[in-house]
Amino acid sequence: MVYGSHVAVFGCKGCRKCISICGENAIFCSAGRVQIDMQKCNACGQCVSHCPNKALLLMD
Ligand code: SF4
Ligand code: SF4
């Protein structure tokens, strides 16, 4: 599991759908899966609700 500041990524399939959803440009793709830029993420949760594979988890 890879942790950003507010979002954990687990089981990403690399479809990239979440990247354009993020209004903070906090999501980027590396080695076929996404990672969260801890400096940019504001925990809005948009990516979590849009991932078709439920690979993103909002953390408190
Ligand atoms: S939408 Fe989900 S499966 Fe697709 S790239 Fe983003 S985290 Fe990975
Ligand atoms: S929680 Fe919001 S700001 Fe953070 S990565 Fe997801 S869409 Fe971007």
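These numbers were taken from a predicted model, which means no experiment stands behind them. (Residues numbered from 1 in each chain as written. Chains lettered and ligands numbered in written order. Predicted model: local features only at pLDDT ≥ 70, side-chain atom pairs only at ≥ 80, totals over all residues.)

### Points about the site of ligand 1
Okay, step 1: If you check the shell around ligand 1, you find 13 residues, and the closest are Cys12, Cys15, Cys18, Cys51 and Ala55.
Okay, step 2: When the residues that make up the shell around ligand 1 are grouped by side-chain class, the tally is eight nonpolar, two polar and three charged. (Near = placed C-beta within 6 Å. Nonpolar A, V, L, I, M, F, W, Y, C, P; charged D, E, K, R; others polar.)

### Quick look at the nonpolar core
Okay, step 1: Core analysis: the largest hydrophobic core is formed by 11 residues, namely Val7, Val9, Cys18, Cys22, Ala26, Ile27, Val34, Ile36, Cys47, Cys51 and Leu56.
Okay, step 2: Of all the secondary-structure elements, those providing two or more residues to this core are β2 (7-9) and β4 (33-36).
Okay, step 3: Leave out the neighbours within four places in its chain, and valine 7 touches Ile36, Cys41, Cys47, Val48, Leu56, Leu57, Leu58 and Met59. (Core = buried A, V, L, I, M, F, W, Y, C linked by C-beta atoms within 7 Å. Buried ≥ 20, exposed ≤ 12 C-beta atoms within 10 Å, placed from the backbone. Helix = DSSP H or I, 4+ residues; strand = E, 2+ residues; numbered from the N terminus. Contact = placed C-beta atoms within 7 Å.)

### Things to note about the site of ligand 2
Okay, step 1: Residues in contact with ligand 2 amount to 15 residues; listed here are only the nearest, Cys22, Cys41, Cys44, Gln46 and Cys47.
Okay, step 2: Residues belonging to the shell around ligand 2 are distributed by class as follows: 10 nonpolar, four polar and one charged.

### Some thoughts on the pairing of β4
Okay, step 1: Judged by which residues are buried, β4 turns out to be one-sided: Val34 and Ile36 face inward and are buried, whereas Arg33 and Gln35, on the alternate face, are not.
Okay, step 2: As judged from the four bridges shared by strand β3 (residues 27-30) and β4, these two strands associate in the antiparallel manner. What sits directly across from isoleucine 27, in β4, is isoleucine 36.
Okay, step 3: Between the antiparallel neighbours β3 and β4 lie two residues, among them alanine 31 with a positive phi of about 55°. (Pairing = 2+ DSSP bridges.)

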